[in-house]
Amino acid sequence: MEFPIERFNEKETPFYYYDTDLLRQTLAEINRCTKGLPYHVHYAIKANANAGLLEVIRQEGLGIDCVSGGELKAALAAGFEPHKIVFAGVAKTDKEIRAGIEAGIQCFNVESMNELEVINELAKEYGTKANVAIRINPNIDAHTHKYITTGLNENKFGISLEMLDDVISKALKMDGIELSGIHFHIGSQITENGPFATLCDKINELVPHLESLGANIRTINVGGGLGIDYTNPDGHPIADFESYFGTFKTRLHLKPHQELHFELGRSVVAQCGALITRVIYVKQGVNKKFVMVDAGMTDLIRPALYQAHHNIENITSKSAESDCYDVVGPICESSDVFGTNETLPVTRRGDLLALRSAGAYGEIMASRYNCRELPGSMLKEQ
Ligand code: LLP
């Protein structure tokens, strides 16, 4: 990724820089791989709701997957058409459900019997039927970090296979519910095709069973989860969509009246973003040197929360010599560390560093802890 350093020098750090050309290329690849197929991709807005990125994503024709009233609002404000918006989330409040019904969204992904009953009641109050997909917890291990695994029995998400028949039968009898499909999401940052193939097999087995209960399954939503290459972002700037969609194409038995829906977040936006931060001090510790930057875990929480590593580049230093540093933020928490034993060109106060692959779950997860300002942003095409 190339960085416009002159523009950076005029902007207060830390901020997120987004390469909108790379985002467009990523979206073009998604569209190329799904062209001519009954596939619809809803961008998981939880990954990043930056208005500039949403504009590009909308222009390229994706819909939105949202999980809160706030996300629904952001999607509508960005101009996404309600019939291209799906609404998931384990504990939607009445207010959020009303907002979805009033906006006329495409579908609610329902995660419990109790929620189904509430949506039914509210839809009847509006004199309408709410389109609903039942989120099923398929009990598949996605082989990813435990904090981002969602499809196991021990997770709070979805309706278990044991309770499914009961929920489906009740949904079919509800006047305020139009049962249109089923929904899954097994986890995030999944870097092998195996778990997705296993999901296809489960769906192939489940659909005829649900049809035998009287359900007409028109949409199958397989969620998101496709991982990206955090260790080599320049080698793999675009995720392997060909093989990801290919797995569903070859493995899932879709009937002519059925559509396949995807909710990709990370793989759409992660590689186009970098967190740009300035070195405040270089500090000699007892056994190590610290590079202390003006971004902290409040700007990018993934390393502190998931032990994630984002590649760190010094984009200012031209030094041919390198040194070994721990790169840390200014927050009063010992988990406020971006990297340990990082080899960087000799780094000085005032240098700019880029933390790569930070377009997903970066800016959107920023907080104001320590009463800090939220990070700003800059688009390549501004
Ligand atoms: N659909 C549902 C129902 C989800 O819960 C998620 C993500 C997605 C789609 C999008 O998944 P993706 O394609 O981005 O993997 N903050 C964590 C990731 C949390 C993911 C939560 N759910 C991180 O920084 O790694």
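For the structure given in this document, a descriptive report is provided here. Residue indices follow the written sequence of each chain, beginning from 1 at its first position. Thresholds applied to this predicted model are a pLDDT of at least 70 for local features of residues and 80 or more for the giving and counting of side-chain atom pairs; totals over whole chains, interfaces and linings are not thresholded and use all residues. Side-chain calculation: all heavy atoms of the structure are included, whereas hydrogens and water are not.

This part covers the site of the ligand. Around the ligand, the surrounding shell holds 18 residues, and the nearest of these are S188, E263, R302, Y306 and Y361. Side-chain polar atom of D65 to a nitrogen atom of the ligand: 3.5 Å apart, as the coordinates give it. Two N or O atoms form a polar contact when they lie within 3.5 Å of each other; inside protein one atom must be a possible hydrogen donor and the other a possible acceptor, and for residues adjacent in sequence the pair counts only when both atoms belong to side chains. With respect to the ligand, the backbone of G265 contributes an N or O atom lying 2.9 Å from an oxygen atom. When grouped by side-chain class, the residues that make up the shell around the ligand number six nonpolar, six polar and six charged. Any residue with a non-hydrogen atom lying within 4 Å of a molecule or strand is treated as near it. Each residue is assigned to one class: nonpolar for Ala, Val, Leu, Ile, Met, Phe, Trp, Tyr, Cys and Pro, charged for Asp, Glu, Lys and Arg, and polar for all the others, Gly among them.

A separate point is the pattern of salt bridges. Definition used for salt bridges: Asp or Glu carboxyl oxygen within 4 Å of a side-chain nitrogen of Lys or Arg. Under the counting rule described, the total for this entry stands at 21 salt bridges. Across the salt bridge formed by R98 and E125, the nearest N and O atoms sit 2.8 Å from each other. Linking R98 in helix α5 (residues 94–103) with E125 in helix α6 (residues 113–125), this pair joins segments that are 27 residues apart in sequence. Think of it in three bands: with a 1.4 Å probe and only protein chains considered, a residue is buried below 20% of the maximum accessible area for its type, exposed above 50%, and partly exposed in between. You can call R98 partly exposed: its relative accessible area is 26%. Put simply, D19, D21 and K380 are held in one network by salt bridges that share partners. Numbering of helices and strands starts at the N terminus; helices are DSSP runs of H or I of at least 4 residues and strands are runs of E of at least 2.

The next point concerns the nonpolar core. By nonpolar core we mean a set of buried residues, namely Ala, Val, Leu, Ile, Met, Phe, Trp, Tyr and Cys, connected to one another through side-chain atoms within 4.5 Å. Formed by 97 residues in total, the largest nonpolar core has its most connected members in Y43, F108, L116, I134, F245 and F262. By residue number, the principal contributor to this core is helix α8 (residues 194–212), which donates seven residues. Throughout, a residue-residue contact means that at least one pair of heavy atoms, one from each residue, lies within 4.5 Å. Residues within four places of F108 in sequence aside, it is in contact with F87, K92, I97, G100, I101, I119, A130, N131, V132 and A133. Judged by nonpolar contacts, the second largest core, of eleven residues, contains F3, I276, L352 and M378.

Note that a disulfide, as used here, is simply two cysteine sulfur atoms within 2.5 Å. Inspection of the entire model under this criterion finds zero disulfides. No disulfide involves C66; its sulfur sits 11 Å from the nearest other cysteine sulfur, which is in C107. Given a relative accessible area of 0%, C66 falls into the buried group. Of all cysteine sulfurs in the structure, the one in C332 sits closest to C371, which takes part in no disulfide; the separation is 11 Å.

Direction vectors running N to C along helix α2 (residues 20–34) and helix α9 (residues 241–251) enclose 30°, while the axes themselves pass 9 Å from each other. By the angle class used here, α2 and α9 are roughly parallel. When you trace α2 past α9, the crossing you get is right-handed. Between α2 and α9, the residues in contact are T26, E29, I30, R32, C33 and T34 and F241, E242 and F245, respectively. For the contact of α2 with α9, the residue count by class is four nonpolar, two polar and three charged. Here the axes come from fitting lines to C-alpha atoms, over the contacting stretch only for helices, and the angles between their N-to-C directions go from 0 to 180 degrees. Our angle categories are set so that under 35 degrees counts as roughly parallel, over 145 as roughly antiparallel, 65 to 115 as roughly perpendicular, and the remainder as oblique. For a crossing to be left-handed, the near helix must be turned anticlockwise from the far one by less than a right angle; the clockwise case is right-handed.

Another point: the packing of aromatic side chains. Two rings from Phe, Tyr or Trp (for Trp, the six-membered ring) form a pair when their centres are within 6.5 Å of each other. A pair whose planes differ by under 30 degrees is stacked, one over 60 is edge-to-face, and the rest are tilted. Taken as a whole and assessed by the stated rule, the structure comprises 16 aromatic pairs. Their ring planes at 70° and their centres at 5.1 Å tell us that F8 and Y17 sit as a pair that is edge-to-face. Ring plane angle 80° and centroid distance 5.0 Å describe the contact between F196 and Y244, whose orientation is recorded as edge-to-face. One end of the pair, F196, is in helix α8; the other, Y244, is in helix α9, with 48 residues separating them in the sequence. Among the residues examined, F196 registers a relative accessible area of 0% and is labelled buried.

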